Amino acid sequence: MTGKMHGKGSDTVKKIDLEKQLPKIVITTLIIFFIIGMIWGLKTVLEIEGTMEPNVIKDSLSPLPETKEERISYVMSAVKKAEEEKPAMSFADSFRIDVDSLRAGDVQRTAEYIRTGIEDKLGETRGDLSSDFGEDLSGKLWVPEITPGEITSADLKYDYWACPVCGKDSDEIPQECEDCGTAEGFIRKYKDEYTITLHAQDAAYPPADASFLSRNFHPLTDTQIDTLVRDNENGWFTCDNGFAITYRNIEICAVIDRLTDQIKSVSYSMDCDFAADVSFAGKYAALGTQNVGFTVNEKAQFEFTWPGVFLSEEELVLTPGQTDVLRAESPCAVLTDEELTWKSSDESIATVNHEGYVSAKHTTGQCSVSVAYTFMGKKYTAQCLISVKVPAEEIEISNRKLKLSVGDTYTLEAKVKPRKATIQTVKWYSDNEDVAAVDQNGTITAKRVGTVDIYAVSDDGYFKATCHVEVR
C-alpha cells in the first residue's frame, strides 16, 4: 500500500510573530514620520522670509521746499518761530585750529604752542547763550538774515537707505552693508526731519558791517582778535601788523522737524585762514620774523528743546482681553499721574485708566488713546493708535517659482495665517515691472524676457512671501 505523507515540511507557510515584530514596525513608522517632519519643517523654515515694512512717508506740515529760495525762507521762518515761541535753547561754540594747516617755517614747535593758547582763548569769546523754556531769546539766538544772491547752493536731505537683511541705516546707498555684507536690495526710507545746508560765498577780512558774514555769523572784531593775540604773546613775540584772514566753507545748517516745522538745531560754521608776520622777541629774538599761518574751524550751534508730551508707543497692538501700559514723558518736567489726563476715543474697543494702563475689550477694531498735559498755560497732547485684533503670524504663497512666456498672465494666491487672524489682506509688489507687473489681485503679466521677484506682504505684521518668476 502506497501513499503520500503530509506534514510539516519546507513548503509549510510560516506564521508571522506579530508580538516580536510590532516594536520594529512602530520604530520604522516613527522614523518615517520624523524624516517627513524634518523635510516639512526645513521647507517651512526656508519659506519664511521675515517681514518687510512698507516705505510709508509721513506727511509734512508744510510743502517740500524744493528751490533754493524756498529752502532759505523755510530756514529763516523756522528760526524765527523759535524766537517767538521760546523753547529751551542750548549753545555750544567751538574753535579748533587745524594742526595740519599750521605753517611756521623754522619755528613750527613754538607756533604749535602759540596755537594751543589762542585756541583756549577763542572758546571763551562769546560766553553762554543758553536759555530755559519761556525765556526771551532776543540778543542770544542768531536769527539769519539771508538774500538768495548770498547763497551759492542750498542742499536738502531727509532720505536714507536701510539694509533689507539687518536693517542698518546709511545716509547714502552703500555698495554693501557694513554689518552683514548684503550687496543689494537696499530700501530707501525717509526721516521725520529735514537737514538743510546753505552754502555762502567766501569772504575776506574785515567783513563789512552789513555783509552776510556780519549779519549772520557774528565774527570776532578787530579788538577781540588783537586782545587774543596780545594775551598770548607772553613777551615771546609781537604781531604788529595784525592778521590777514580769509573765510571759507561758510555754511548755515538747520535740522527741522518737517511734521511740526519746529527747528531742532541750527549751526553756523566756517573755516578761517589766518596769516601774520610774527616777530620773535626776548630769548627767541634770534628767530627773527617768521610768516605764521593756520586755519581755525569755527562752529556755533544752537539746539532747541520744545515743550510737549510724548507717549512710549505710537501704536499698540492688543489681543482681545489683553492689558498693556503706555508711559508719558515730557522734556519740561518729570510727570506725575495727577498732571496727566487720559482718554480713549472708543471705550467699547479699549479703555485707559489714570496710570496709562490700556485694557482691550473683546471687540476687535481700532481706537486712539490720548494723554493731555498743561505747561506754562498751554495744553499739549499725544496720541497712540490702539489696534485690538488677532495678529497675523505668517503668509503663504501658492507658487515659489514660475516660468512664463512674454504676454502670459498668471494669478498667485496668498494666505495669511492663522485663519482666525483679524486682518487677512495683502499687497502685491514686483521688483522689476519692466519684466513683469502684478496687480493687487495677484495677477502677474509677463512683459519681457528676464527674471523678477513677485512678492506679497501682509497688511498686518508685514510678513513677506516671494515667487521667483522667469519670463522666457
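Residues numbered from 1 in each chain as written. Predicted model: local features only at pLDDT ≥ 70, side-chain atom pairs only at ≥ 80, totals over all residues. Heavy atoms only, no water.

1. Topic: the overall build of the protein
No. 1: When its secondary structure is counted, the protein shows five helices and 27 strands.
No. 2: The proportion of buried residues among the 472 residues of the protein is 37%.
No. 3: For the protein, contacts bridging at least 24 residues in sequence account for 66% of all contacts bridging at least 6. (Helix = DSSP H or I, 4+ residues; strand = E, 2+ residues; numbered from the N terminus. Buried < 20%, exposed > 50% of the residue type's maximum accessible area, 1.4 Å probe, protein only. Contact = heavy atoms within 4.5 Å.)

2. Description of the pattern of salt bridges
No. 1: All chains considered together, the criterion is met by 15 salt bridges.
No. 2: For Arg188, the salt bridge identified is with Asp159, shortest N-O distance 2.8 Å. In this pair, Arg188 is assigned in strand S4 (residues 187-200) and Asp159 in strand S2 (residues 151-162), connecting sequence segments 29 residues apart.
No. 3: For Arg188, a relative accessible area of 38% puts it in the partly exposed group.
No. 4: Of the residues examined, Asp159 reaches a relative accessible area of 10% and is grouped as buried.
No. 5: Residue Glu396 is joined to Lys417 by a salt bridge in which the shortest nitrogen-to-oxygen separation is 3.0 Å. On the criterion of sequence distance, the pair formed by Glu396 in strand S19 (residues 394-397) and Lys417 in strand S22 (residues 414-417) is long-range, its members being 21 residues apart.
No. 6: Overall, Glu396 belongs to the partly exposed group, its relative accessible area being 32%.
No. 7: What makes Lys417 partly exposed here is its relative accessible area of 31%.
No. 8: Counted as one network, the salt bridges with shared partners bring together Lys157, Asp159, Glu172 and Arg188. (Salt bridge = Lys/Arg side-chain N within 4 Å of Asp/Glu carboxyl O.)

3. Points about helix H2 (residues 68-85)
No. 1: Between its first and last C-alpha atoms H2 spans 26 Å; for 18 residues at 1.5 Å apiece the expected length is 26 Å, and the two agree.
No. 2: Next to the buried residues of H2 lie S2, S4, strand S7 (244-257), strand S8 (262-280) and strand S9 (289-305).
No. 3: Lys86 occupies a position one or two residues after H2 and carries a positive phi of about 60 degrees. (Expected span 1.5 Å × (residues − 1).)

4. A short note on the nonpolar core
No. 1: If you look at the biggest cluster of nonpolar residues, it comprises 53 residues, and the most contacted ones within it are Leu141, Leu198, Ile263, Val266, Phe302 and Phe304.
No. 2: Contributions of two or more residues to this core are made by H2, strand S1 (88-103), S2, S4, helix H4 (212-217), S7, S8 and S9.
No. 3: The element best represented in this core is S8, accounting for nine residues.
No. 4: Filtering out sequence-adjacent residues up to four positions away, Leu141 remains in contact with Val79, Ala82, Glu83, Met89, Phe302 and Phe304. (Core = buried A, V, L, I, M, F, W, Y, C linked by side-chain atoms within 4.5 Å.)

5. Digging into the packing of aromatic side chains
No. 1: If you walk through the whole model with that rule in mind, you get 14 aromatic pairs.
No. 2: Considering the side-chain rings of Tyr158 and Tyr190, the 5.1 Å spacing of their centres and the 45 degrees angle between planes classify their relative orientation as tilted. With Tyr158 in strand S2 and Tyr190 in strand S4, the pair connects residues that are 32 residues apart, well separated along the chain.
No. 3: We classify Tyr158 as buried; its relative accessible area is 17%.
No. 4: Look at Tyr429 and Tyr455: their rings are 5.4 Å apart centre to centre, the planes differ by 20 degrees, and that puts the pair in the stacked class. With a gap of 26 residues between them, Tyr429 in strand S23 (residues 426-430) and Tyr455 in strand S26 (residues 450-458) connect regions that are remote in the sequence.
No. 5: A relative accessible area of 29% means that Tyr429 is categorised as partly exposed.
No. 6: Cluster of aromatic residues (ring-pair linked, three or more members): Phe91, Trp142, Phe212, Phe217, Tyr268 and Phe302. (Phe/Tyr/Trp six-rings, centres within 6.5 Å; stacked < 30°, edge-to-face > 60°.)

6. Considering the sheet that holds strand S16 (residues 357-360)
No. 1: If you trace the three strands from one edge of the open sheet to the other, you get S12-S16-S15, paired in antiparallel fashion. Every other strand in the sheet has two partners, leaving strand S12 (323-325) and strand S15 (350-352) as the edge strands with one partner each. Geometrically, the sheet is characterised by an average inter-axis angle of 20 degrees between neighbouring strands, direction not taken into account.
No. 2: Here three bridges tie S12 to S16, and the two strands are oriented antiparallel to one another. Opposite Thr323, over in S16, you have Ser359 as the bridge partner. (Pairing = 2+ DSSP bridges. Axes fitted to C-alpha atoms, helices over the stretch in contact; angles between N-to-C directions.)

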